[in-house]
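The lines below spell out each chain.
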Amino acid sequence: MSSPQTGVQEELSRDLNLFHITMMGLGMMIGAGVFVGIGMCSHSSGGGGLMVTFALNGLIALFSALSFAELASAIPRAGGTYNFARIAFGRPASFIAGWMEWLAASAAGGFYALVLMQTVFKFCVEFEWIDSVADGGWMGMDWRVRVFALGAVLVFVLINFRGSSETGKLGAIFTVGQMLFVVAIGIAGAVQFFLDPSRIENFQPFLGSGDWIGLLGTMGVIYVAFEGFEVIAQAGDETIDPRRNIPKAILYSVLIVTLTYLLVAFGTLVGLSMSDTDPATGQTLSQATNGAGENVAAWIGSHGHEGDSGFQAAVSVLLKGWGGLLVTLAVIFSATSALNATIYSATRAGYALGRDRMLPKAFSNIHPVTKTPWFSLLCTAGLILGVAAMLMIKDAGATASIMFLMLFLLVNVCVIRVRRHMGDELQYGFLMPLFPLFPILAILLQLGLAFGIFEESIVAWFVGVGWLVAGVGIFLFYSRSRAIQTEEEIHVFHEERHKQATAKGYNVMVALANPENALQLAQVTHRLCRPRKDTHVELIHMVPVPAQTPLDAAEEFMWAGREAIMESMLYLAMQNPISTTIRYCRSAARGIVTAVRQKKIKLLILGWHGKKSHSHFTIGSTVDPVMETAPCNILTLKNCGQNRKFKRILVPLAGGPNSRFTLETAAILASHDGGTVDILTVDTGRASKFDAEAFLAMHQSKLPIDPHAVSARKVPGSNIVETILDTAEEYDLVVMGNTHESRLQRMTHTPIPETIAERCDKPFIMCRSAKGIRRWLRRFI
Amino acid sequence: MLNPISILAAGTGDAMIGCVLIACATGALVGLVLWSRKRINQICDSGPRSARLILHDLKNGTLGKPADPEADDE
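Note that the structure is predicted; figures quoted are calculated from it, not measured. (Residues numbered from 1 in each chain as written. Chains lettered and ligands numbered in written order. Predicted model: local features only at pLDDT ≥ 70, side-chain atom pairs only at ≥ 80, totals over all residues. Heavy atoms only, no water.)

Enquirer: In this structure, what is going on with the confidence of the model for chain A? I would like to understand it.
Expert: In low-pLDDT regions, the fine details of the predicted coordinates are not to be read closely. Residues and elements named next belong to chain A. Averaged over all residues, the pLDDT of chain A equals 80, while 86% of them reach at least 70. Ranking the helices and strands of chain A by mean pLDDT puts helix H9 (residues 242-270) first, with 93, and helix H27 (residues 773-778) last, with 55. Note that residues 1-6 has pLDDT below 50 and, in this model, 13 contacts with residues that lie over four places away or in other chains. Under a pLDDT of 50 for its full length, residues 486-501 has, in the predicted model, 37 contacts with residues more than four places off or in other chains. (pLDDT = per-residue confidence, 0-100. Helix = DSSP H or I, 4+ residues; strand = E, 2+ residues; numbered from the N terminus. Contact = heavy atoms within 4.5 Å.)

Enquirer: What exactly am I supposed to notice about empty space enclosed by the protein here?
Expert: In this approach the atoms are scanned with a rolling probe the size of a water molecule, which exposes any empty space left behind. Residue and element names in this part refer to chain A. Enumeration according to the criterion identifies seven cavities of 30 Å³ or more in this entry. Its volume calculated, the largest cavity comes out at about 100 Å³. Residue lining of the largest cavity: Phe35, Val36, Val115, Gln118, Thr119, Asp308, Ser309, Phe311, Gln312, Val327, Val331 and Ile393, and that is the complete set. It is helix H4 (residues 91-126) that provides the largest number of residues to the lining of the largest cavity, a total of three residues. For the lining of the largest cavity, the class distribution of residues is seven nonpolar, four polar and one charged. (1 Å grid on protein atoms, 1.4 Å probe; cavity = no way out; pocket = protein on both sides within 12 Å on 5 of 7 lines; lining within 4 Å. Points joined across faces, edges and corners; volume = space filled by probe spheres on them. Nonpolar A, V, L, I, M, F, W, Y, C, P; charged D, E, K, R; others polar.)

Enquirer: Please clarify how the layout of surface pockets should be interpreted in this entry.
Expert: Residues and elements named next belong to chain A. Put simply, the second largest pocket is a space of about 760 Å³. For the second largest pocket, the lining is made up of 32 residues, of which Leu653, Ala654, Gly655, Ile720 and Ile752 are closest to its centre. Looking at the lining of the second largest pocket, the elements with two or more residues in it are helix H22 (659-673), strand E8 (676-683), helix H24 (720-728), strand E10 (733-737) and helix H26 (752-759). When grouped by side-chain class, the residues that make up the lining of the second largest pocket number 14 nonpolar, 14 polar and four charged.

Enquirer: Whenever I open this one, the packing of aromatic side chains confuses me. Can you help?
Expert: Residues and elements named next belong to chain A. In total, this model carries 28 aromatic pairs over all chains according to the counting rule given. Here the aromatic rings of Trp102 and Phe363 are separated by 5.6 Å at their centres, their planes lie at 85 degrees, and the arrangement is edge-to-face. One end of the pair, Trp102, is in helix H4; the other, Phe363, is in the loop between helix H13 (322-355) and helix H14 (374-390), with 261 residues separating them in the sequence. Exposure remark for Trp102: the relative accessible area of 6% places this residue in the buried category. (Phe/Tyr/Trp six-rings, centres within 6.5 Å; stacked < 30°, edge-to-face > 60°. Buried < 20%, exposed > 50% of the residue type's maximum accessible area, 1.4 Å probe, protein only.)

Enquirer: Please explain the packing of helix H2 (residues 32-74) of chain A against helix H16 (residues 437-456) of chain A as it appears in this structure.
Expert: Geometrically, a packed helix pair is captured by the angle between its two axes and the distance between the axes. Residue and element names in this part refer to chain A. Packing of H2 against H16 brings their axes to within 9 Å, and their N-to-C directions diverge by 140 degrees. Classed by the angle they form, the pair H2 and H16 counts as oblique. Between H2 and H16 lies a crossing of left-handed hand. Residues Ser44, Asn57, Ile60, Phe63, Ser64, Leu66 and Ser67 of H2 form the contact with H16, whose participating residues are Phe438, Pro439, Leu441, Ala442, Leu445, Gln446, Leu449 and Glu456. A class-by-class count of the residues in the contact of H2 with H16 yields nine nonpolar, five polar and one charged. (Axes fitted to C-alpha atoms, helices over the stretch in contact; angles between N-to-C directions. Parallel < 35°, antiparallel > 145°, perpendicular 65-115°, else oblique. Left-handed = near helix turned anticlockwise from the far one by under 90°.)

Enquirer: In this structure, what is going on with unusual backbone geometry? I would like to understand it.
Expert: Peptide bonds are trans in most cases, and residues, glycine excluded, mostly fall at negative phi. Residues and elements named next belong to chain A. Across the junction of Phe435 and Pro436, the peptide omega takes the value 0 degrees, indicating a cis bond. Within the secondary structure, Pro436 sits in the loop between helix H15 (393-422) and H16. Despite not being glycine, Leu434 shows a phi value in the positive range, around 50 degrees. Here Leu434 lies in the loop between H15 and H16.

Take a look at the structure:
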């Protein structure tokens, strides 16, 4: 869409592909649920029951996933269940969906916090850092576990308030790590089984001390390990080709998770033998169960409260001591990322209700600095703290399970309603087969699971029903009269059809951040574009929106960018064809790189304020990743504004891959002002492979400047940085190539170009060429 | 050495029922996902459309094939 006042194009940065969103779903699903679930399930339903539980739960989850996939393909926009319910049944259903989603995510957050701290404490006991973890203190749990769980919640609430969360890439790395870990456990166990097939007896008695009816309850409690794929439906506004990729990602994530769970459950059970020794106690498993004819599943289920730490114990035996550490790390990683994700998921649910005035308006208040819905986050924190302070792990997991089951049930009803009543209006990317068989099956089976939970956790039912009753009361007496009545109150970003930029022209992108920076970028762009007549300038402003805030709330933060764009437009409009875009994104760096790819950009111009934003980055949190991954030439400008004349330009070179591009850039700028370029090499007394004279002779004829205006200069000095900085005092501009050191090398020290860039008082331009094998490869990765 | 199949066969009725359930559930899961993947590609390749048009194409066996411009005129 474009703004009527300015003609500036506004877009969402669609930079998540099928892999990203599948990982997003897997990251939410694979986590503490499975680590705790294996022990709890072994306790109540035996080894065979554990396998049946995972297989059937996977199938039931798939029935709901088919409904999510169909609806998300037809309504590919942010909002997920809340949006589906609103479109299918209107306001009351959407309120109930949002209300249930709020508790579901909050209860899951409390569950993950408790699991996280219980795992850490058990680990401390194993290493004898503390004596023991006593069950039965504060509401049935060790008070220290609860206190630290509450502390963990507060820490993550603070992190969420600051608007930071895992980036897509880091989240994907965590998820892949967790996947590898659980698959490794499965394979380790499977290898034991192939060496000793008699271990299949570990599945006897098949249902342990339970029965088939009891299995239903276990399935209900463990269902929390299968929730999470619904977050993929929330990413409709950020996904490339959402009608195709979102349904695929939803279905793939359920398939991958189920197969992984089956593998790890099988591996855990057959990986152990009753003659194995438990490193924690020094006894054999048989001795530990008093030799009363018990089996491996019973031993696993005998750890912790109703088996909730059984998996940890099993892996300790399987991997001979290291298992405990590995499981602890895996649980910490998974529970940490899941806790973080559930907090912002719950916050967004509260925000959506506030935005549509179904809860007080304060819920939609966004903090002006951190851009997060702070009041909704505060209330969410209260809810999660309540769960973590009052419920046992099993009850917290069961509460989340019941709420998610109800939510999924609602989505299954919605898919039938939407296909019947709006099937001719909506455009579908996927239609499920045998409609409406699977939604009806899902509804019946999920009702069965929900009732099964009654056997396992009556507390969860009380909490769930109480929450629903409270929700109905709030809707009838508050929300109904205040809710915004218009049909399209949820701001929808249309799917943009990107105009394919021509690959023939010289496309230059200028990334604008703030009005102060805008003019200097425009001035340098103007000079750089002058020699080429086929230049097309794309002015772009990325508006990063924290994951806690829906992208449709981003408009509030775009005014600075609009101002910057207008200022640059006025400067550049007379010279080059210009297009302007404001993009809403989760990460400015990822958004810029995606835009570079989509618009076939040849040169990207960035501004830099001159100070490192964080010690982990050599330049800045946005510039660093863009420099590493953008498949085009890049110029980063510091202090180049005020229409300065660049009469004398210094180009320190050392023969790196950016040397030619750096020299060309300096030559273009010098020719504009009739200036000169000096190539500087520092003579440290050590032998150097780079010969500036030869380099100049090789490239001089191709430079757009009088050959006499470019010369090579060698200055003696023992310290390269200090010598360059001293020499730079005589010049109007320093142009230098970006480092070509690896990320690992840069972690140990700041490279020379970046050090000079930070310390140099003169106008400075850092150049990075798109050439080089590594950079060429990155275009395709 | 014991044969896993024979152990299962000699096992309780619970084990037999459980194994059948696991096999059916896993098979159905894999089959449904692969089938759905093919269906998504077919629908998206021929352009997302209303449910009625997609079902019409399915019935005529034209799903996933380029749209006939004359059909639109009708």
